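Remarks on the overall topology
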Amino acid sequence: MDQRRISARTAKALFAQTQQEGATGKVQNDLAAIAHSLCLKEKPWELLQNPLVNQETKKEAIAAAFNARVQPVTLRLLQALASREQLHLLGAIAQQLGVLADNAAGIARAQVRSTYELTQTEQARLEATLGTFMGKKVVLETRQDSGLIAGLTIKIGDHLFEHSLRRQLRRLEETLTA
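Here we summarise the structure given alongside this text. (Residues numbered from 1 in each chain as written. Predicted model: local features only at pLDDT ≥ 70, side-chain atom pairs only at ≥ 80, totals over all residues. Heavy atoms only, no water.)

What the rule picks out here adds up to one aromatic pair. Judged by centre distance (5.4 Å) and plane angle (85 degrees), the ring pair of F133 and F161 falls under edge-to-face. Taken together, the residues F133 in helix α7 (residues 120-134) and F161 in strand β4 (residues 159-164) connect sequence positions 28 residues apart. Residue class for F133 comes out exposed when judged on its relative accessible area of 52%. Note on F161: relative accessible area 30%, which makes it partly exposed. (Phe/Tyr/Trp six-rings, centres within 6.5 Å; stacked < 30°, edge-to-face > 60°. Helix = DSSP H or I, 4+ residues; strand = E, 2+ residues; numbered from the N terminus. Buried < 20%, exposed > 50% of the residue type's maximum accessible area, 1.4 Å probe, protein only.)

With that out of the way, let us pick up a nonpolar patch on the surface. On the surface, a cluster of nonpolar side chains totalling about 480 Å² of accessible area is made up of I149, L165, L169, L172 and L176. The residue L165 is located in helix α8 (residues 165-177) in this model. With a relative accessible area of 35%, L165 lands in the partly exposed category. (Patch = residues over 30% accessible without salt bridge, like charges linked within 9 Å, V, L, I, M, F, W, Y side chains within 5 Å. Areas by Shrake-Rupley, 256 points an atom, 1.4 Å probe, with all protein chains shown as cover. Salt bridge = Lys/Arg side-chain N within 4 Å of Asp/Glu carboxyl O.)

What follows covers the side chain of K58. As for its position among the elements, K58 is in helix α4 (residues 55-66). Accessibility expressed as a relative area gives 0% for K58, which makes it buried.

With that out of the way, let us pick up the environment of A104. Relative to the helices and strands, A104 is located in helix α6 (residues 90-105). Sequence-wise, A104 and S37 are 67 residues apart; in three dimensions their C-alpha atoms are separated by 27 Å.

Angle between the axes and distance between the axes: these two values describe a pair of packed helices. Running from N to C, α4 and helix α5 (residues 72-83) cross one another at 155 degrees; their axes reach a closest spacing of 9 Å. As far as their axial angle goes, α5 and α4 are roughly antiparallel. With respect to the hand of their crossing, α4 and α5 are arranged in right-handed fashion. On the side of α4, the interface is formed by Q55, K58, K59, I62, A63 and F66, while α5 contributes L75, L78, Q79, A82 and S83. Considering only residue class, the contact of α4 with α5 consists of six nonpolar, three polar and two charged. (Axes fitted to C-alpha atoms, helices over the stretch in contact; angles between N-to-C directions. Parallel < 35°, antiparallel > 145°, perpendicular 65-115°, else oblique. Left-handed = near helix turned anticlockwise from the far one by under 90°. Contact = heavy atoms within 4.5 Å. Nonpolar A, V, L, I, M, F, W, Y, C, P; charged D, E, K, R; others polar.)

What follows deals with the pattern of salt bridges. Enumeration according to the criterion identifies four salt bridges in this entry. With a closest N to O distance of 3.4 Å, E21 and R76 form a salt bridge. Of this pair, E21 sits in helix α1 (residues 3-21) while R76 sits in helix α5, placing them 55 residues apart in sequence. A relative accessible area of 43% means that R76 is categorised as partly exposed.

None of the figures reported here should be taken as evidence of function without further support.
In structure tokens, the structure reads:
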């Protein structure tokens, strides 16, 4: 089974468990902090990802490091991932858990790239317009992109809206060369 499917299935099971326990937000925070630490490639993670270290030692190390610091379900997840040599999936699982939590809360996240920094008024109008389109509350994640000639691009889930001069020029070029 590929890693994306494993991450998605694990996140789905984790979401169901955290919903029952009322700890989804806390587990999201746990995973975000741990995934960030894992990306830094610190020494303790090297031990946990070393295939020569036996699984019982890994479980004990995780319990010692995180026992009172994270939610019990987070601790169990870390131990299970370490025992299966799948700690590298933690970031993807955290991301999938966030998507599931957002969907359950009726939230859609939109990544917006624009040629200039959007004002608060422009952001509010864009959130309202996209919210109407998506039928959800939209949270914008804006970024200025000097690579755009003019306009903006918006990505919400699988939807991509590109309204930029670069795209219009590409379409004109395709029309002229066809």
